[in-house]
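# Residue-level structural notes
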Amino acid sequence: GVDKIPPVDPTEIVCARQIKKFFTGDLNAPVISYPPFPGIEMNYLRAQIARISAATHISPLHYFKFEEDEDDESVGEGRDSYTVNVEFERLPLWELTDPSLKNWVHHMQYILPQGRCQFINPNSKDPNDDYDEEEEEEDDDHLDEPQRETGPALLTTISYDNYVDGLPSVPAWSVTRSTDLVPAYAVAVLKSNSWPGAYTYGTEKKFENVYIGFGHKYSKDNYSPTPPPPVFEEYLPDLDTTEVADPTVAEEQALLAMEQEKLEREAEEAEMEDDDEDDD
């Protein structure tokens, strides 16, 4: 049978960005890592698929378009859906292989650092829950408003993509023709340098995105796991609490001797009281 991979969770994407694991092929295999991954291999696989798709699914310019909405004056910002442009005019090969990459756009939403496509304030209250207004105002005073996370809008050209791992000499994409010997049958081939194994081919008639790789993003440095948090400092004494120094062996023996002497003295006094009672 075919196992259906569950939907991805934002916490899984956040953690997947901090680890690097090879896939075993067993969807139920544990993912042993630090930070601990909140799931098994099928969840890690789904998180990587989401990351790769968001970064490498591209299409020719104007192949998709936003649905016309007279009330919405934004251009791509905040949009999460589009439709196929039936009036799309096919682009010639020389435009598809233009080194400026202005004729290719992302048609998958950008994933924000919090692991979502749409920003959600983690401190916001659920409007469906009942809250006491006074308590809510007091709680809001103690909560810092987080900085809103933003990213490239939908259908943004890939020419705006950042350099790979901050290297100015390595662009996010490389474009070439499949052949120069038979131009009539050549297709445009784009290779993602951020995600090795991600390719897109396109002609005047169609395009497609494919990925054949290990599911790892390129990194100029060797992978190093996230270090554990620093060790907690020793408790700092204050005026109300003080830490007593441990006694030495000699002090312990002297204390035991005193307690033993006290017990013996109490036993002698008890015997003397019993003798007095017998005499009476």
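As a reminder, the structure under discussion sits directly above these lines.
Attention in this report is confined to the structure presented alongside it.

The rules behind the values
- Residues numbered from 1 in each chain as written.
- Predicted model: local features only at pLDDT ≥ 70, side-chain atom pairs only at ≥ 80, totals over all residues.
- Heavy atoms only, no water.
- Helix = DSSP H or I, 4+ residues; strand = E, 2+ residues; numbered from the N terminus.
- Contact = heavy atoms within 4.5 Å.
- Phe/Tyr/Trp six-rings, centres within 6.5 Å; stacked < 30°, edge-to-face > 60°.
- Buried < 20%, exposed > 50% of the residue type's maximum accessible area, 1.4 Å probe, protein only.
- Expected span 1.5 Å × (residues − 1).
- Core = buried A, V, L, I, M, F, W, Y, C linked by side-chain atoms within 4.5 Å.
- Pairing = 2+ DSSP bridges.
- Axes fitted to C-alpha atoms, helices over the stretch in contact; angles between N-to-C directions.
- Patch = residues over 30% accessible without salt bridge, like charges linked within 9 Å, V, L, I, M, F, W, Y side chains within 5 Å.
- Areas by Shrake-Rupley, 256 points an atom, 1.4 Å probe, with all protein chains shown as cover.
- Salt bridge = Lys/Arg side-chain N within 4 Å of Asp/Glu carboxyl O.
- Lys, Arg positive; Asp, Glu negative; His and termini not counted.
- Charge placed at Lys NZ, Arg CZ, Asp CG, Glu CD.

Looking now at the environment of Ile13. Mapping Ile13 onto the fold places it in helix H1 (residues 10–16). Spatially, the C-alpha atoms of Ile13 and Arg51 are 7.6 Å apart, while their sequence positions differ by 38 residues. Among residues more than four places away in sequence, those in contact with Ile13 are Val8, Ala47, Ala50, Arg51, Ile111 and Gly115.

On to the packing of aromatic side chains, then. All chains considered together, the criterion is met by seven aromatic pairs. Arranged with centres 4.6 Å apart and planes meeting at 50°, the rings of Phe64 and Tyr82 form a pair that is tilted. Residue Phe64 is located in strand S2 (residues 64–65), and its partner Tyr82 is located in the loop between S2 and strand S3 (83–84); the two are separated by 18 residues in the primary sequence. Tyr82 gets classed as partly exposed once you look at its relative accessible area, which sits at 27%. Here a set of aromatic residues connected by ring pairs shows up, and it is made of Tyr63, Phe64, Tyr82, Phe88 and Phe207.

Attention shifts here to helix H2 (residues 41–56). Between its terminal C-alpha atoms H2 stretches 22 Å, which fits the 22 Å expected from 16 residues at 1.5 Å a residue. With twelve of 16 residues buried, H2 lies mostly within the body of the structure. Those residues of H2 not exposed but buried are Glu41, Met42, Asn43, Tyr44, Ala47, Gln48, Ala50, Arg51, Ile52, Ser53, Ala54 and Thr56.

On to unusual backbone geometry, then. Between Tyr34 and Pro35 the backbone carries a cis peptide bond, its omega angle lying at 0°. With respect to the secondary-structure elements, Pro35 resides in the loop between H1 and H2. Phi is positive for Leu155, which is not a glycine, with a value near 65°. Tracing the backbone through its elements, the reader meets Leu155 in the loop between helix H4 (133–142) and strand S5 (173–177).

Within the largest apolar cluster, 19 residues are counted, with the highest numbers of intra-cluster contacts made by Ile58, Trp104, Leu155, Ile158, Trp173 and Leu190. Listed in part, the eleven residues of the second largest apolar core include Ile13, Ile19, Val31 and Tyr44.

Turning our attention to the sheet that holds S5. Taking strand neighbours across the sheet as the criterion, the four strands line up as S5-S6-S7-S8 in an open arrangement whose pairing is antiparallel. Strand pairing shows two members of the sheet lacking a second neighbour, S5 and strand S8 (207–211), which therefore form its edges. Geometrically, the sheet is characterised by an average inter-axis angle of 20° between neighbouring strands, direction not taken into account.

Turning to a negative patch on the surface, a few remarks are in order. On the surface, Glu261, Glu264, Glu266, Glu268, Glu269, Glu271, Glu273, Asp274, Asp275 and Glu277 cluster together to form a negatively charged patch. By secondary structure assignment, the location of Glu264 is in helix H5 (residues 249–279).

With respect to the helices and strands, the residue Val86 is situated in the loop between S3 and helix H3 (93–96). Taking the C-alpha atoms as reference points, Val86 and Tyr63, separated by 23 residues in sequence, lie 8.2 Å from one another.

What follows deals with a nonpolar patch on the surface. On the surface, Leu181, Val182 and Tyr185 cluster together into a nonpolar patch covering about 410 Å² of accessible area. The residue Tyr185 is located in the loop between S5 and strand S6 (188–192) in this model. Residue Tyr185 is classed as exposed on the basis of its relative accessible area, which comes to 69%.

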